[in-house]
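Residues per chain are reported as follows:
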Amino acid sequence: MRLPRLALAGVVAATMAVTGVMASGGGATGAQPSTLKDLGSQVGLRIGTAVNTDVLSTDAAYRSITATQFSTVTPENVMKWDAVEPTQGTYNWTAADQLVAFAKANGQKVRGHTLVWESQLPAWLTSGTFTNDQLKALLHKHITDEVTHFKGNIWQWDVVNEAFNDDGTLRDTPWLRAIGPDYIADAFRWAHEADPKALLFYNDYNIEGMGPKSDAVYALLSKLKAQGVPIDGVGLQGHLDTQYGLPSDITGNLLRFASLHLYSAFTEADVRTFVPVTGAELLAEGAGYNAMLQSCLQVARCISFTVWGWSDKWSWVPRVFTGEGSADLYDENYQPKEAYAAVQQTLQLAGGAPYRYGQS
Ligand code: G3I
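Quick look at the structure, then. Keep in mind that this is a model prediction, so the values were computed, not measured.

## Description of the overall build of the chain
Argument step 1. On a plain count of helices and strands, the chain comes out with 15 helices and 10 strands.
Argument step 2. In terms of overall size, the chain behaves like a compact globule, its C-alpha atoms giving a radius of gyration of 20 Å where 360 residues would be expected to give roughly 21 Å.
Argument step 3. In terms of principal-axis extent, the alpha carbons of the chain reach across some 60 × 45 × 40 Å.
Argument step 4. A total of 360 residues make up the chain; the buried ones form 56% of that total.
Argument step 5. Once local pairs closer than 6 in sequence are excluded, the contacts in the chain between residues at least 24 apart make up 79%.
Argument step 6. Of the roughly 14,300 Å² that the chain leaves accessible, carbon and sulfur atoms contribute 53%.
Argument step 7. For the chain, the distance from the average site of its 26 positive side-chain charges to the average site of its 36 negative ones is 8 Å.

## Quick notes on the state of the cysteines
Argument step 1. Inspection of the entire model under this criterion finds 1 disulfide.
Argument step 2. Note that Cys-296 is cross-linked by a disulfide to Cys-302, the S-S spacing being 2.0 Å. Residues Cys-296 and Cys-302 are joined by a disulfide whose S-S torsion is about -95°; by sign, that bridge is left-handed. Exposure class is identical for Cys-296 and Cys-302. Each is buried.

## A closer look at the site of the ligand
Argument step 1. The immediate surroundings of the ligand are formed by 15 residues, with Glu-76, Lys-80, His-113, Glu-162 and Glu-268 found nearest.
Argument step 2. Contact between the ligand and Glu-268: a nitrogen atom at 2.7 Å from a side-chain N or O atom of the residue.
Argument step 3. Protein burial of the ligand: of its 790 Å² of free accessible surface, 49% is covered by the chains.

## Things to note about the nonpolar core
The tendency in soluble globular proteins is for nonpolar side chains to be buried side by side.
Argument step 1. Ranked by internal contacts, the top residues of the largest apolar core, which has 96 residues, are Trp-157, Val-160, Trp-175, Leu-221 and Phe-305.
Argument step 2. The element that contributes the greatest number of residues to this core is helix H10 (residues 183-194), accounting for 8 residues.
Argument step 3. Beyond its immediate sequence surroundings of up to four residues, Trp-157 is in contact with Met-79, Gly-112, His-113, Leu-115, Glu-146, Val-147, Phe-150, Ala-198, Leu-199, Leu-200 and Phe-201.

## Regarding the packing of helix H8 (residues 132-149) against H10
Argument step 1. Between H8 and H10, whose axes approach to 8 Å, the crossing angle comes to 35°. Note that H8 runs across H10; the crossing there is right-handed. Residue-level inspection shows Lys-136, Leu-139, His-140, Ile-143, Thr-144, Val-147 and Thr-148 of H8 in contact with H10, the latter providing Asp-186, Ala-187, Trp-190, Ala-191, Glu-193 and Ala-194.
Argument step 2. Residues that form the contact of H8 with H10 fall into these classes: 7 nonpolar, 3 polar and 3 charged.

## Observations concerning the environment of Asp-270
Argument step 1. The topology assignment puts Asp-270 in strand E8 (residues 263-274).
Argument step 2. Take Asp-270: its relative accessible area is 0%, and that puts it in the buried class.
Argument step 3. Beyond its immediate sequence surroundings of up to four residues, Asp-270 is in contact with Gly-238, His-239, Leu-240, Tyr-289, Trp-308, Trp-316, Val-317, Ala-327 and Asp-328.

About the thresholds
- Residues numbered from 1 in each chain as written.
- Predicted model: local features only at pLDDT ≥ 70, side-chain atom pairs only at ≥ 80, totals over all residues.
- Heavy atoms only, no water.
- Helix = DSSP H or I, 4+ residues; strand = E, 2+ residues; numbered from the N terminus.
- Rg over C-alpha atoms; globule rule 2.2 N^0.38 Å.
- Buried < 20%, exposed > 50% of the residue type's maximum accessible area, 1.4 Å probe, protein only.
- Contact = heavy atoms within 4.5 Å.
- Areas by Shrake-Rupley, 256 points an atom, 1.4 Å probe, with all protein chains shown as cover.
- Lys, Arg positive; Asp, Glu negative; His and termini not counted.
- Charge placed at Lys NZ, Arg CZ, Asp CG, Glu CD.
- Disulfide = S-S within 2.5 Å.
- Near = heavy atom within 4 Å.
- Polar contact = N/O pair within 3.5 Å; in protein donor to acceptor, adjacent residues only side chain to side chain.
- Core = buried A, V, L, I, M, F, W, Y, C linked by side-chain atoms within 4.5 Å.
- Axes fitted to C-alpha atoms, helices over the stretch in contact; angles between N-to-C directions.
- Left-handed = near helix turned anticlockwise from the far one by under 90°.
- Nonpolar A, V, L, I, M, F, W, Y, C, P; charged D, E, K, R; others polar.

Remember that the coordinates give geometry; whether it matters functionally is a separate question.
Here it is in structure tokens:
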């Protein structure tokens, strides 16, 4: 196992980011690749974004940047249960199918998000009265029907999303209450039966570095692997906030998951701060993105780096965190920010050191 030069390159990248943004969003113009997806492909890393399909269908500039900068897409909302089955037994795949077609047309892979969550469940499910056995059967049917519908078109599925509390205890969800802790293993088995080729991920936030929550996820995934449950990877969402500093030992965390023969992926990266934003905070955002990206680049089993939307214009952050925003790579006018430059320069420097832990 060789020590990657990237550790040093990362420091240089962070310094270089101060010099400013190097490319616009449109695409490569010179001989050297400059889009994030082309730079990522030089080091075997897919660079992805969450996509708001309402905007995708109406905004040509949004479509253009989504197509040229990224090599994977994740539906921000339209594969969630409330979106695909608004009325019990009646599916609406339209928006999700359109995104899959967009990805195909642009040579992109799709991350499916998400099959089992406690949030964004259809009203008929949350307000209905069901026995525990009925709930288990409904979850089985939901997973089977959705994975079957998209079979062959999904690279990675977020099978189970956000099952843990920050202290490492299991979150009290309808699925835990109805089925017990085995709902997680069941969900992976059901998804695998429906599409044996899709990579199946457990996905959560606040598990980027070492801590009680990532310890609990590590313990669970170790157990699932030992039991032969078909799980392929761990998704680290990567919702950072400049006021809290950086997660600790992200690389060590990725390496311990790799030691279980699991892939890892950053699945929802963004770095929020208080607005109006200062120059220092813009640089801190870039440092946040880079901390995650540099660790991912160092670990061969970290196979994709996805941002949770690329423009501040459509970010979920201001709706949820009062007074905060500016979490994305591009501003509200689709202009690349310091964070874009930081990510781009890190990928450029990584191209000069194309080996990673786990490759000899
Ligand atoms: O679809 C309804 C629409 O009919 C209604 O008119 C409108 C009125 O507000 O709401 C629409 O639903 C919104 C939905 O997004 C679709 O746009 C919800 O209000 C809104 O709360 C929901 O927010 C999403 C959030 O998940 C819900 O938990 C965000 O867009 C989405 O970015 C966010 O994504 C999650 C990941 O799935 C999991 N990890 C955390 C991440 C951020 O919260």
